[in-house]
Amino acid sequence: MDHDADALARMKPADRAYHVIRAAILTGELRPGAHLAENQLAEMCNSSRTPVREALQRLTAEGLALSERRSRFVANFSYEEVSVVFELRARIEAYLARLAALHVTPDEIRQMEALILRMDDVANQDPAAFHDLNTQFHDAILRATRSAQLRSVTRQVFALPLVTIKRAYCDQPIDPARSNAQHRDILAAFRNRDEAWAESAMMSHILSAKPTRPAGTSPEEARVRALANGLAPNPHGGFFGDPS
């Protein structure tokens, strides 16, 4: 979710640095593989280096930054790693949907339906608003599981928005209409308290958005293509943070 200038100004320095740097990574201002120099980032965030250092620790834990020889770099996602992220999210969210089908309340179903209607309104006009509402929809499902443990263990996996990594690292468009039709299918499963349907619908929903490698393209050719598009300027890359 984007933070405006007033909201950023009210944050603690470390939180402000985190949101500023994270936004710069997700929008491509800080490109994959870029060196995250603390002094330059401190200037960007209008802060000292200490808040930046704390922010970089959080971003490394999320997988957006990598630590190597006491330096940090923007993560460079290969197609294979993006594929792993989607497969993992599909399995986790399918399980969440199965649990939510048992515990979701009528009021929560109405709230999810309202989010779907709002997504209809912005689908072809405001991609950022659609992404925010989509996040709220999936967050509502997580809450409906009634599991604090699940909220805790999924925090890192959910830190990377699927829409963002698909757009930024695979250069493939999102289909809002299809996505929202799938949301309706998930909601119908909830209304019917059908665990298997909810699980299957969510699995299909996530995997349908999984990026595809261009036909006849090997992993190495895909990397060359990424280099040509300016998506992989150097070999630093990964997902789960510090490789050590």
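The shown structure was predicted, so the numbers you read here are calculated from the model rather than taken from an experiment.

Draft legend 1. Structural context of the packing of helix H2 (residues 13–26) against helix H3 (residues 38–45). Running from N to C, H2 and H3 cross one another at 105°; their axes reach a closest spacing of 10 Å. Considering the angle they form, H2 stands roughly perpendicular to H3. The residues of H3 that touch H2, namely those facing Arg16, Ala17, Val20, Ile21 and Ala24, are Leu41, Met44 and Cys45. Taken together, the residues of the contact of H2 with H3 sort by class into seven nonpolar, no polar and one charged.

Draft legend 2. Quick peek at the pattern of salt bridges. Under the counting rule described, the total for this entry stands at 14 salt bridges. Residue Arg58 pairs with Asp15 through a salt bridge whose shortest N-O separation is 3.0 Å. Residue Arg58 is found in helix H4 (residues 49–62), and its partner Asp15 is found in helix H2; the two are separated by 43 residues along the sequence. Here Arg110 makes a salt bridge to Asp107, at a shortest N to O gap of 3.7 Å. Taken together, the residues span about one helical turn, with Arg110 and Asp107 both in helix H6 (residues 106–122) at a distance of three residues. Owing to a relative accessible area of 51%, Arg110 belongs among the exposed residues under this scheme.

Draft legend 3. Representation of unusual backbone geometry. In this structure, Arg146 is a non-glycine residue whose phi angle is positive, near 60°. Summarising the element assignment, Arg146 is placed in the loop between helix H7 (127–144) and helix H8 (148–153). Located in the positive-phi region is Arg193, a residue other than glycine, with phi close to 55°. Looking at where Arg193 falls in the secondary structure, it is placed in the loop between helix H10 (176–191) and helix H11 (195–208). The partly exposed category is assigned to Arg193, whose relative accessible area is 38%.

Draft legend 4. A look at the pairing of strand S2 (residues 71–74). As paired elements, strand S1 (residues 65–68) and S2 share four bridges and run antiparallel to each other. Counted as the bridge partner of Ser67 is Arg72 from S2. From the end of S1 to the start of S2, which pair antiparallel, there are two residues, and Arg69 there has a positive phi angle of about 50°.

Draft legend 5. Layout of the packing of H6 against H10. Viewed as axis vectors pointing N to C, H6 and H10 meet at an angle of 165°, and their least axial separation amounts to 10 Å. The orientation of H6 with respect to H10, classified from their angle, is roughly antiparallel. Pair H6 / H10 crosses with left-handed handedness. From H6, Ile109, Met112, Glu113, Ile116, Leu117, Met119 and Asp120 reach across to H10, where they touch Asn180, His183, Arg184, Leu187, Phe190 and Arg191.

About the thresholds
Residues numbered from 1 in each chain as written. Predicted model: local features only at pLDDT ≥ 70, side-chain atom pairs only at ≥ 80, totals over all residues. Heavy atoms only, no water. Axes fitted to C-alpha atoms, helices over the stretch in contact; angles between N-to-C directions. Helix = DSSP H or I, 4+ residues; strand = E, 2+ residues; numbered from the N terminus. Parallel < 35°, antiparallel > 145°, perpendicular 65-115°, else oblique. Contact = heavy atoms within 4.5 Å. Nonpolar A, V, L, I, M, F, W, Y, C, P; charged D, E, K, R; others polar. Salt bridge = Lys/Arg side-chain N within 4 Å of Asp/Glu carboxyl O. Buried < 20%, exposed > 50% of the residue type's maximum accessible area, 1.4 Å probe, protein only. Pairing = 2+ DSSP bridges. Left-handed = near helix turned anticlockwise from the far one by under 90°.

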